[in-house]
Number of protein chains: 2
Amino acid sequence: MIKVGIIGLGTVGSSVVNILRENADVISARAGVEIVVKSGVVKNLNKDRTHLGIKISDNVDDILDDEEIDVVVELMGGVEEPFEVVKKALKNGKAVVTANKALLAYHRYELADIAKDIAFEYEASVAGGIPIINALRDGLSANHIESIMGIMNGTCNYMLTKMTNDGVAYDTILKEAQALGYAEADPTFDVGGFDTAHKLLILASIAYGIDAKPEDILIEGIENISRDDIAFAKEFGYVIKLLGIAKKDKNEVELRVHASLIKKDAMIAKIDGVMNAISVVGDKVGETLYYGAGAGGNATASAVVANIIDIARSGKSKPMLGFDKPMEGKLTLKAAGDIESKYYLRINVSDKIGVLARITKIFEENSISIEAVLQRQSCTQSANLLISTHKAYEHDIQNLISSIEKLEFVNSKPVMIRIV
Amino acid sequence: MIKVGIIGLGTVGSSVVNILRENADVISARAGVEIVVKSGVVKNLNKDRTHLGIKISDNVDDILDDEEIDVVVELMGGVEEPFEVVKKALKNGKAVVTANKALLAYHRYELADIAKDIAFEYEASVAGGIPIINALRDGLSANHIESIMGIMNGTCNYMLTKMTNDGVAYDTILKEAQALGYAEADPTFDVGGFDTAHKLLILASIAYGIDAKPEDILIEGIENISRDDIAFAKEFGYVIKLLGIAKKDKNEVELRVHASLIKKDAMIAKIDGVMNAISVVGDKVGETLYYGAGAGGNATASAVVANIIDIARSGKSKPMLGFDKPMEGKLTLKAAGDIESKYYLRINVSDKIGVLARITKIFEENSISIEAVLQRQSCTQSANLLISTHKAYEHDIQNLISSIEKLEFVNSKPVMIRIV
Ligand SMILES: NC(=O)c1ccc[n+]([C@@H]2O[C@H](COP(=O)([O-])OP(=O)(O)OC[C@H]3O[C@@H](n4cnc5c(N)ncnc54)[C@H](OP(=O)(O)O)[C@@H]3O)[C@@H](O)[C@H]2O)c1
Ligand SMILES: NC(=O)c1ccc[n+]([C@@H]2O[C@H](COP(=O)([O-])OP(=O)(O)OC[C@H]3O[C@@H](n4cnc5c(N)ncnc54)[C@H](OP(=O)(O)O)[C@@H]3O)[C@@H](O)[C@H]2O)c1
């Protein structure tokens, strides 16, 4: 029998308890042993959790120091607090399972070092119920990974889908997503791209062995996407998605999170609503894609329990981040400014003669080649210039935007969306 | 160092040799050890294979009895011959990796018994490069699997996609697929649904622990699909796909392979061309879907090599078919006749008064309720009746078809496609 202690009995933790009970038949048949929750820990003992039917305390040491417990499941959230908790669990010889992407975005390499001989699993930390860690670490292990492109935040994908299909404005759909419980009261973590960035960093470690923190990479959200952009996308056969992108370019890896214009027949463009999907291109296998629910108590707990079953079956069976030893010719992180992309810009200008000439000249000065220009009246006094470019460097486009922003006939900071 | 012997150096076998050499850097970093091909076995020693750079013989015992070899990779194809080969390999204590779906469709339970303590892996046998065995056996292990629906034959999906998008006729596109190397000279194994059935049986064992052979299940192909059917599908918002379907219904599991009408906004309906995809619904995780290349030397070898890496990492780490012991309340195979579905029928009739009345009466007599009827002139003398039904039993629909077929004004056996 495998005994589990769960720290955090919120959305995910309580679902783990329920799944281990409701699906005990199939779980013990697959694991070969019974898996039972011995106890749980929460912050607030006053909430009623009798329905969970387990012993509950508010002291993490009740689990960490319990010699009978084999597997500690960390579902409390946060960064530094759970870091201390899981370190102690590992030190006490307990296998650990977590769904905590923030913890891993900051501390995965320290944890991999400590967990050399003991299992530390985290399938649920990226894209909830989709077994993407499993696929990348085991299923595609024969490949050099060429790229990863993921829709890993259901809130953003829900909002962008609604904006595209129903023509709803950003602010309206954000309020609706909040009412439905898809978005938090402070939605920054989701719509600002940070949640996606945490997940991307985890995947990049498995694919490329690359150590980076959120602060090191390009992160933008979807806050500036307007109906004009959606309309432009539609007209030119694109859809707009918030993507986490990792891409190998010789010995460098670029990591970035941003709203992206994608050709509408790409598989990843077909993912709608709250669903998540991750496209992975391997040098031998070509493109593979993984689709499913990226959040929600049961879907996330499905991945947590799969990790517990795996530990019950085999203890530690593979290196936590996929690499047993670093590759020779290690890959390094490409500077954000050196990333190349095609771009779309929306520039709101006062409707004066000579505006287009001034602006196209600035493109030339920044060595950015224009692919197409559309001019759309936005109201009587102003117009939107919608401009798509050929490939250019990120630092050049940023310089361009700063120059354009300063022009007296430009009414607001230009909106830029990268074309993937 | 892990030493590998490969039996069969055709499309897949030679790609395995190449990947292990070309990607040796990333493979040894992930596996923690070097993996090298020691030798290979083929049928015909006269073919030039010097480019592979390995020792080659035409005697399987040169690998099976080689004490230095740790992992035997079976890529020769067939059923009984490879069965003897892998049994001997296991008896000699060697881990086995295969891509052979036919072998597994017939002998997987015998092999699982023999391979109790030794690794026997077969990721490539279903959907080539897509890590679906991995996902189903490990990633979704916490779930009762409600259903599996897979596009697992690239030839059929290529043909159906072309028929749908370009309006090409079945015979024309079959010839084209043969010219492109997507279809064999004798295409029956692919277009008749047998290849899909082999793969479905493997997945059903992992999902449900169910032992069945191809002979036990409903298998139909795409040979009867015509442009009329494609046109009907389009008109009513469906696409036609060859699906392998496994579905749990209380304590029974239905297994079937057939052309299917699927609503065009389902994820699985969006899979075009030679690509494969498998949708799996778990009771906790909901729908997940796995997409990628189902065939081809490199894509298939990607999965074979991933299995070798897994063995190098951990030896035997999980039960071959996912269950360590059978579930209590074992699931049994539902009789094909008891499967319920909605149906679409195309009935070619001589254009006479009273025909529709006679036919609808036969529907009533077989307790099959009609949802919609369309009548389409096919030439001056005859018409096609396109009829969709509400849910009905397979045995009733089969009786109905026999009755209708005998009517003097019915010109050919009615074509039936199940609506999923
Ligand atoms: N929800 C999802 O869909 C989802 C998806 C993927 C990953 N995750 C990750 O899973 C983790 C848990 O998420 P959740 O949605 O389940 O969070 P949640 O509903 O807020 O639950 C957090 C739980 O942890 C407990 N807790 C917080 N601080 C604690 C402390 N210092 N000591 C002991 N217990 C403490 C809370 O106790 P009280 O109940 O007493 O407040 C609560 O039971 C997070 O890392 C999250 O990023 C969640
Ligand atoms: N091709 C794919 O895309 C694909 C995808 C998934 C799974 N698979 C499976 O992978 C396996 C191999 O397929 P493949 O396409 O690589 O086949 P293949 O190209 O026909 O190669 C078969 C190889 O096995 C050798 N061989 C045949 N009988 C033998 C015997 N009795 N003793 C020794 N060697 C023997 C052949 O030798 P010679 O070269 O001397 O003829 C040849 O090298 C099959 O089980 C197939 O179902 C293939």
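What you see as residue numbers is a count from 1 along each chain, following the sequence as written. All chains are assigned letters beginning with A, and all ligands numbers beginning with 1, in the order in which they are written. In keeping with the model being predicted, local features are shown solely for residues with a pLDDT of at least 70 and side-chain atom pairs are shown and tallied solely at 80 or more, while totals for entire chains, interfaces and linings include all residues. Where side-chain values are given, they derive from all heavy atoms of the structure, hydrogens and water being excluded.

- Per an unreviewed UniProt entry, chain A goes by the name Homoserine dehydrogenase and belongs to Sulfurimonas denitrificans.
- UniProt positions are given in the numbering used here, feature names are shortened, and annotations may be inferred rather than shown by experiment. Quoted verbatim from the Sequence similarities (unreviewed entry) field of the UniProt record, the comment on chain A reads "Belongs to the homoserine dehydrogenase family."
- The record in UniProt for chain A states the following under Catalytic activity (unreviewed entry): "L-homoserine + NADP(+) = L-aspartate 4-semialdehyde + NADPH + H(+)".

**Some details on the overall build of chain A**
Working step 1: A count of helices and strands for chain A gives 14 helices and 18 strands.
Working step 2: Restricting the calculation to C-alpha atoms gives the radius of gyration, and the globule rule supplies 2.2 Å times the number of residues raised to the power 0.38. Relative to the compact-globule value of 22 Å for 420 residues, chain A shows a C-alpha radius of gyration of 24 Å, a close match.
Working step 3: Each principal axis of the C-alpha atoms in chain A carries an extent, and together these give about 80 × 50 × 35 Å.
Working step 4: Within chain A, the proportion of its 420 residues that are buried is 61%.
Working step 5: If you take every contact in chain A between residues at least 6 apart in sequence, the share linking residues at least 24 apart comes to 73%.
Working step 6: Here chain A has roughly 15,900 Å² of accessible surface; of this, 48% comes from carbon and sulfur atoms.
Working step 7: When charges are counted, Lys and Arg are positive and Asp and Glu negative, with His and the chain ends excluded. Lys charges are placed at NZ, Arg charges at CZ, Asp charges at CG and Glu charges at CD. For chain A, the distance from the average position of its 47 positive side-chain charges to the average position of its 58 negative side-chain charges is 3 Å. Strands are runs of DSSP state E lasting at least two residues, helices are runs of H or I lasting at least four, and both sets are numbered from the N terminus onward. Burial classification: accessible surface area is computed with a 1.4 Å probe over protein chains only, and a residue below 20% of its type maximum counts as buried, one above 50% as exposed, and the rest as partly exposed. Whether two residues are in contact is decided by their heavy atoms, any of which lying within 4.5 Å being enough. For accessible areas, the Shrake-Rupley method is used with a probe of radius 1.4 Å. Any residue's cover is judged against the shown protein chains and nothing else.

**As for a negative patch on the surface**
Working step 1: For patch detection, residues must exceed 30% relative accessible area and be free of salt bridges, and they are connected within 9 Å for like charges or within 5 Å for nonpolar side chains (Val, Leu, Ile, Met, Phe, Trp, Tyr). Only one rule defines a salt bridge in this text: a Lys or Arg side-chain nitrogen within 4 Å of an Asp or Glu carboxyl oxygen. Residues A:Glu80, A:Glu110, A:Asp113, A:Asp211, A:Glu215 and A:Asp216 make up a contiguous surface patch of negative charge.
Working step 2: Inspection of the secondary structure puts A:Glu110 in helix α5 (residues 101-114).

**Considering the pairing of strand β18 (residues 415-419) of chain A**
Residues and elements named next belong to chain A.
Working step 1: Where burial is concerned, most of β18 is hidden: 5 out of the 5 residues are buried.
Working step 2: Burial along β18 is two-sided: Val-415, Ile-417 and Ile-419 facing one way and Met-416 and Arg-418 facing the other are all buried.
Working step 3: Should DSSP find at least two bridges between two strands, the strands are regarded as paired. Bridge count between strand β10 (residues 252-263) and β18: 2 bridges; the pairing is parallel. Bridge pairing in β18 places Leu-261 opposite Ile-419.
Working step 4: Alignment of strand β14 (residues 340-350) against β18, held across 5 bridges, turns out to be antiparallel. In the sheet register, Arg-346 faces β18, and the bridge partner there is Val-415.

**Remarks on the interface of chain B and chain A**
Working step 1: Taken together, the contacts link 58 residues of chain B with 58 residues of chain A.
Working step 2: Buried area counts how much accessible surface, traced with a 1.4 Å probe, disappears from two parts once they are put together, with both parts' losses summed. Of the roughly 4,900 Å² buried between chain B and chain A on both sides combined, carbon and sulfur atoms contribute 52%.
Working step 3: Of all residues in chain B, B:Arg30, B:Lys284 and B:Tyr291 give up the largest surface area on contact with chain A, accounting jointly for 15% of the area buried on that side.
Working step 4: Here chain B is connected to chain A by 4 salt bridges.
Working step 5: Of the charged contacts, one joins B:Arg313 and A:Asp138 as a salt bridge, the two residues approaching to 3.1 Å between their closest N and O atoms.
Working step 6: Taken together, the elements giving at least two residues each to the side of chain B that touches chain A come down to α1 (11-22), α2 (24-31), α6 (132-139), α10 (194-208), β12 (286-293) and α12 (297-314) of chain B.
Working step 7: Residue classes follow a fixed rule: Ala, Val, Leu, Ile, Met, Phe, Trp, Tyr, Cys and Pro count as nonpolar, while Asp, Glu, Lys and Arg count as charged, and any other residue, Gly among them, counts as polar. Looking at the side of chain B that touches chain A, its residues break down into 28 nonpolar, 16 polar and 14 charged.

**Things to note about the sheet that holds strand β3 (residues 55-57) of chain A**
Residues and elements named next belong to chain A.
Working step 1: The sheet built from 6 strands is open, its strands ordered β3-β2-β1-β4-β5-β6 with parallel pairing. The strands lining the two open edges of the sheet, one partner per strand, are β3 and β6 (120-121).
Working step 2: Here strand β1 (residues 2-7) runs beside strand β2 (residues 35-41); their pairing, made up of 6 bridges, is parallel. Bridge pairing in β2 links Lys-3 to Val-36.
Working step 3: The angle between two axes is taken between their N-to-C directions and runs from 0 to 180 degrees, where each axis is a line fitted to C-alpha atoms and a helix contributes only its stretch in contact. Sheet strands touched by helix α12 (residues 297-314): β1, β2, β4 (71-74), β5 (95-98) and β6. Its angle to β5, the strand with the most contacts, is close to 160 degrees.

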